[in-house]
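Here's the letter readout for the chains.
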Amino acid sequence: LPSSRHCPWKMNQLPPKSPAASPASESTNSRVEALDNLSMDSFWLEVENIKQSTEAEQEECSLADVKTQEEGEAEAEWLQDAGLSELLGDPALDKDNLVLLSTLTRTQAAAVQRRLDTYSRSRRRRNKHPVRDVRDIFGSASSQDSAAEKEESSPDPLWHNLRTSNTQRKSQDYSCTVRNPGKEEVFNMDVAYSEQAAVLLKGSFLSESRKLKDGNALTRFKIPKGRLGVTRIGDLSAQDMKKIPTLALIELTALCDILGFELKRNKAAKLKTTEKRLFGVPLNTLLENDQKLLPNTKVPLLLQALLSCLEKRGLETEGILRVSGSQTRIKSLEQKLERDFYSGLFCWDEVHQNDVSGLLKRFIRELPAPLLTAEYLPAFAAVQNIPDLKQRLQALNLLILILPESNRNTLKALLEFLSKVVARENNNKMNLWNVSTVMAPNLFMHKGLPNKIPEGKEKQLAEGAADVVRMMIHYQDLLWTVSSFLVAQVRKLNESNSKRYQFCDKRIKNLLRKIHADKDKVEKNQGEPSKIVKVHTSLLLKDSLEVHLNNATRVADVLRQFQKNLCQNGWNIVNTVNLLKCNNSMECTSLLLYEVGGNIGEHCLDPDTYLLDLYHINPHAEWIIKQNPSYPRMF
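Below: a short report on this structure. Only a predicted model underlies this, so the values are computations on that prediction, with no experimental measurement involved. (Residues numbered from 1 in each chain as written. Predicted model: local features only at pLDDT ≥ 70, side-chain atom pairs only at ≥ 80, totals over all residues. Heavy atoms only, no water.)

### With respect to the side chain of Ser-406
Now for step 1: Mapped onto the fold, Ser-406 is located in helix α16 (residues 405-423).
Now for step 2: For Ser-406, a relative accessible area of 9% corresponds to the buried category.
Now for step 3: In this structure the side chain of Ser-406 is engaged in a polar contact, spanning 3.0 Å, whose partner is the side chain of Asn-284.
Now for step 4: In this view, Ser-406 contacts Leu-283, Asn-284 and Leu-287; residues no more than four positions away in its chain are not counted. (Helix = DSSP H or I, 4+ residues; strand = E, 2+ residues; numbered from the N terminus. Buried < 20%, exposed > 50% of the residue type's maximum accessible area, 1.4 Å probe, protein only. Polar contact = N/O pair within 3.5 Å; in protein donor to acceptor, adjacent residues only side chain to side chain. Contact = heavy atoms within 4.5 Å.)

### Things to note about the packing of aromatic side chains
Now for step 1: Per the stated rule, a full pass over the model turns up 8 aromatic pairs.
Now for step 2: Taken together, a centroid distance of 6.0 Å and an interplanar angle of 75 degrees make the contact between Phe-187 and Tyr-193 edge-to-face. With respect to class, Phe-187 is no different from Tyr-193; both count as buried.
Now for step 3: Ring centres of Phe-221 and Tyr-475 lie 5.8 Å apart, and the angle between their planes is 55 degrees; this geometry places the pair in the tilted category. Taken together, the residues span a long stretch of sequence, with Phe-221 in strand β4 (residues 220-222) and Tyr-475 in the loop between α19 (458-474) and α20 (476-479) at a distance of 254 residues. Each member of the pair, Phe-221 as well as Tyr-475, is classed as buried.
Now for step 4: Taken together, Phe-187, Tyr-193, Phe-221, Tyr-475 and Phe-485 form an aromatic cluster joined through their ring pairs.
Now for step 5: Geometry around Tyr-594 places Lys-626 over its ring, the cationic atom sitting 4.9 Å from the centre. (Phe/Tyr/Trp six-rings, centres within 6.5 Å; stacked < 30°, edge-to-face > 60°. Lys NZ or Arg CZ within 6 Å of the ring centre and 35° of its normal.)

### Thoughts on the packing of helix α11 (residues 301-313) against α16
Now for step 1: Remark: α11 packs on α16, axes separated minimally by 11 Å, with the N-to-C direction vectors making an angle of 5 degrees. By the angle class used here, α11 and α16 are roughly parallel. Together, Leu-303, Leu-307, Leu-310 and Glu-311 of α11 and Thr-410, Ala-413, Leu-414, Phe-417 and Lys-420 of α16 make up the contact between the two elements.
Now for step 2: Split by residue class, the contact of α11 with α16 holds 6 nonpolar, 1 polar and 2 charged. (Axes fitted to C-alpha atoms, helices over the stretch in contact; angles between N-to-C directions. Parallel < 35°, antiparallel > 145°, perpendicular 65-115°, else oblique. Nonpolar A, V, L, I, M, F, W, Y, C, P; charged D, E, K, R; others polar.)

### Notes on unusual backbone geometry
Now for step 1: Here the phi dihedral of Asn-296 falls at roughly 70 degrees; this positive angle occurs in a residue that is not glycine.
Now for step 2: Looking at where Asn-296 falls in the secondary structure, it is placed in the loop between α10 (283-293) and α11.
Now for step 3: With a relative accessible area of 69%, Asn-296 lands in the exposed category.
Now for step 4: The phi dihedral of Thr-373 is positive, around 75 degrees, even though this residue is not glycine.

Okay, here's the thing in structure tokens:
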């Protein structure tokens, strides 16, 4: 993905405004274009505001922090970040990392092979200590052969087809069909995105009209619930979530390879130290300080306070976020917050809402590293170059999964607030596109990543950045979902780790040749159409709940059965648990069922998960009913 790094004060020449068309002669298309041009004015006005507020800090924008990587260096970093550093030939590294290879799909294995090929060739050119031969890992032809010879002799036809297809794509445009706006489409998360794209290589891609700035006209996507339900970010244990970024990076790279885009990443810049306590402080440092006051804090307390203040008194304010507050007052408020915030002496009641929104944007911009991270900011910005809307969302979904937990949680809190702003559009006059154009410069422009925008590309990059923000706001529920194929790969990783495979080169070669089915296939035992299992009830009851499972038993059914047993045993919890009465049945909405152990760490189950299917997938797990942590304690 091409790099698109911005520096506020480099954007000093704003594109000319388009002259207003005559209302009497204005066609539908010209009205849409005029509205688009007007809304993009908000983007450039925001850029100008950022420029004015940071003029005194121009000296901090230095090209010295950005280093050009040598050939092979990017591939080496990628292999390390992908958990495959063992392939670089260091015998001291943990060989357990190699179990990751056993979970790769065909397209993912091709992506790994491509980077290892490039890294190996670069090392040989520099006459450095030889790394492990490509033949030992992938069973390819002689590593001394040229890339073209390797393609011809490769035992895997997919790798040859992908490289041939990508070469052809560089010289031709995608064949695109415009989507029907407002129509609901299926968003498949059972099969790896790269495998889906490989199937569509010879077909046409649906594209969304880039002139559609109305959120109501955006394509609606529905994630079909399989029998194992849907997994959201937060449903998996921290132990299992640590495996997701590695898998998502490999999958994103495979997807980009098939689409013909290069995934470029920045090197993490060194963060400058600051004496401040709130603004300009690294996100992890902020959270560490906040957790000393409030354990388990996942979003900086200052950001929570800013968003809370705006939600209470700013959602109805016309032009909120767009109308700039006083720079003098904002600077003064920042100093007061630095002094009084943690002592609880700062009073929000008298603060003007436009000044609070200015503080919010300043907080985001002043982070030493971009909220979208220095490494992946170019990738987020370049999502706009993917013609197909669904594939843009697939790439965004993977990028969000790659983000560090602190960045991802902070971004989600911000996007949830922006959704609330859009929901009050009738009062505050801020629709989805308005909010996106105002927030895009604050997310995509960072003083630590300076670079002049290519001449003539200003409008394209501005609209693209705003479009990415728009997608993150509008589709955030979809983007914060962990795909079923990734959950299946986590299960395979856990199973492989438990078996302690001792890999050898032949074993690795066979694993990478194997084509794994991405869909989470449920192998139903025809001789066992039902099963009686015990469900533990954590601290709620001493005894386990015996449940008879059949093909129709869902998590919601077990929770209802548990609540019914409580009532029959004389437990009066109607006043302490949130219960809903519907069709003569009781549903307890404050209880959750977790899958624990076996091939998963801990997994909060979707209420629509079919438990017999899950049992066949993970027969050694325990099932435990726990109270929803977002509800008050029952006992």
